[in-house]
Amino acid sequence: MGKRRPKSKFTDVACPNEACKDHGVAGRENIVGNGTYQARNKTVRRYICHSCGKAFCDSTNTFYYNFRKDESTIDLALNISMKGMSNEAIADVLKIQSATLKRWLALASKQCDKVNAILMKNLNVPKIEMDEMRVIVKKKIVPRMEVYEDDGPWMWVAFAPDNRLIVAFIIGPRKQHVADELVKLTDDCLSENIPVYVTDGLDFYKVALLNQYGVRIEYPKTGKRGRLKNPKIVPPDDLKYVQVVKKRKGGKLQEVEKKVIFGEDIEQSVISTSLIERQNLTFRQDNNRVSRKTIGFSKVAKWLVNQMKLYCTHFNFCREHGGLKYKDGRGIECKNTPAREAGITDSKWKLRNLLTFKCFKTPII
Ligand SMILES: [Zn+2]
């Protein structure tokens, strides 16, 4: 018998056990290999964590773990779902239960949350465009556009036009608290540099930006008689915000007014919302759930949110964008993904990469 070598240490794998002291931290030399086994025609590697003694395998805590269906069916179902086909129709075509598909969709959307929480951070973008787009959940009469506050639902999107990245989105009514949340979610993804914000004429954004970035100024005591001046919230010097207000008459565009709300020295070329408006068109074209004048809309808001989360994350990480062309090493023109263009990933992902991204591989420190 040959001499037994020490078991190889897997330094890029971390323990998925949340109770373990080395949970989520790679490179501590606590993980050793524990053989392999065959499952669904694939070799799966097993590991043991020496810190907590638990065994786990390649797919533990990833998307495909514990599913009976093969991966290609799951990928196919989710890919069709992103085009907006209804859960019932997909289940019918693929001969699966619609409850099964809904479970996959819910888990995929959770996985997207994790991926976004880890990767969509410290983004350095020069400009953010924000807009709302009316979506329909259940059939109901659509109020006229002049209504300022509206129970919606609306899909609010923050979009970085330079690399076509969907930074954040929310589905909710057209109310102040939703605008506040969108600005907060967006800022959570950004680095310390505040980008130029460009929106339509909805004043909720102005208040939301002040709530997020505003600086409180207290007036000192003057020594004179009378009531003290109330403290004021003012925008910081580096906050730049412009509104592009479109005036329509009888459905026709009459005039476009560019209003600088905060900041100075904003280049005229920056002031436009055309790219997010084009993006809204892509949403509607690509995804039957938000198409206009169809009855393919979602019947339950939860499924629209789950499906949109998967759609947007897939859009950022996996979808090659026609507006992001580059020449590869051989001089061939290729389309880039928004995430790769923004330097978040170094490759163009497939749906599989998104679903199996091991969130615990990144050290949690
Ligand atoms: Zn462990």
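Residues numbered from 1 in each chain as written. Predicted model: local features only at pLDDT ≥ 70, side-chain atom pairs only at ≥ 80, totals over all residues.

**Details of the overall build of the chain**
- Of regular secondary structure, the chain possesses nine helices and 13 strands.
- Contacts in the chain between residues far apart in sequence, at least 24 positions, make up 55% of those at least 6 positions apart. (Helix = DSSP H or I, 4+ residues; strand = E, 2+ residues; numbered from the N terminus. Contact = placed C-beta atoms within 7 Å.)

**Some details on unusual backbone geometry**
- Backbone geometry places K95, a non-glycine residue, at a positive phi of 55°.
- With respect to the helices and strands, the residue K95 is situated in the loop between α2 (87-94) and α3 (98-119).
- Residue classification places K95 among the exposed positions, given that 7 C-beta atoms sit within 10 Å.
- Backbone geometry places N122, a non-glycine residue, at a positive phi of 55°.
- In this fold, N122 is placed in the loop between α3 and β4 (127-134). (Buried ≥ 20, exposed ≤ 12 C-beta atoms within 10 Å, placed from the backbone.)

**Let's talk about the packing of helix α1 (residues 71-82) against α3**
- Contact pair α1 / α3: the axes reach a minimum separation of 11 Å and the direction vectors enclose 80°. Here α1 is positioned roughly perpendicular relative to α3, judged by the angle of their axes. Contacts between α1 and α3 involve I74, A77, L78 and S81 on the former and, on the latter, L101, W104, L105 and A108.
- For the contact of α1 with α3, the per-class residue count stands at seven nonpolar, one polar and no charged. (Axes fitted to C-alpha atoms, helices over the stretch in contact; angles between N-to-C directions. Parallel < 35°, antiparallel > 145°, perpendicular 65-115°, else oblique. Nonpolar A, V, L, I, M, F, W, Y, C, P; charged D, E, K, R; others polar.)

**A look at the nonpolar core**
- With 66 residues, the main nonpolar core has V157 and V167 as its most contacted residues.
- Setting aside chain neighbours within four positions, we find V157 in contact with M130, D131, M133, I166, F169 and I276.
- Among the nonpolar cores identified, the runner-up in size contains seven residues, and A14, A26, Y47 and C49 belong to it. (Core = buried A, V, L, I, M, F, W, Y, C linked by C-beta atoms within 7 Å.)

**Regarding the environment of Q212**
- With respect to the helices, strands and loops of the structure, Q212 is situated in helix α5 (residues 204-213).
- C-alpha of Q212 to C-alpha of D180: the two residues are 32 residues apart in sequence and 7.6 Å apart in space.
- Not counting chain neighbours up to four residues away, the residues in contact with Q212 comprise V183, K184 and D187.

**Quick word on the sheet that holds strand β1 (residues 31-39)**
- Strand order in the open sheet made by the three strands is β1-β2-β3, with antiparallel pairing throughout. The open sheet has two edge strands, β1 and β3 (55-57), and neither has a second partner. Looking at each pair of strands side by side, their axes are set apart by 30° on average, direction ignored.
- Direction of pairing for strand β2 (residues 42-49) relative to β3: antiparallel, over a ladder of three bridges. Bridging across to β3, Y47 finds its partner in F56. (Pairing = 2+ DSSP bridges.)

**Here's the deal with α5**
- Residues F204, Y205, A208, L209 and L210 constitute the buried set of α5.
- Against β4, α4 (176-189), β7 (196-199), β9 (232-234) and β10 (240-249) lie the buried residues of α5.

**Considering the environment of V245**
- Following the sequence through the fold, V245 ends up in strand β10.
- On the basis of neighbour counts, which here come to 13 C-beta atoms within 10 Å, the residue V245 falls in the partly exposed class.
- The spacing of V245 and T273 is 28 residues in sequence and 9.9 Å in space, taken between C-alpha atoms.
- Ignoring any residue separated from it by four or fewer positions in sequence, one finds V245 in contact with D200, G201, E257 and K259.

**Section: the confidence of the model for the chain**
- When pLDDT is averaged along the chain, the result is 82, and 87% of the positions lie at 70 or above.
- The lowest-confidence element of the chain is helix α6 (residues 274-286), averaging 78 in pLDDT; the highest-confidence one is α4, averaging 92. (pLDDT = per-residue confidence, 0-100.)

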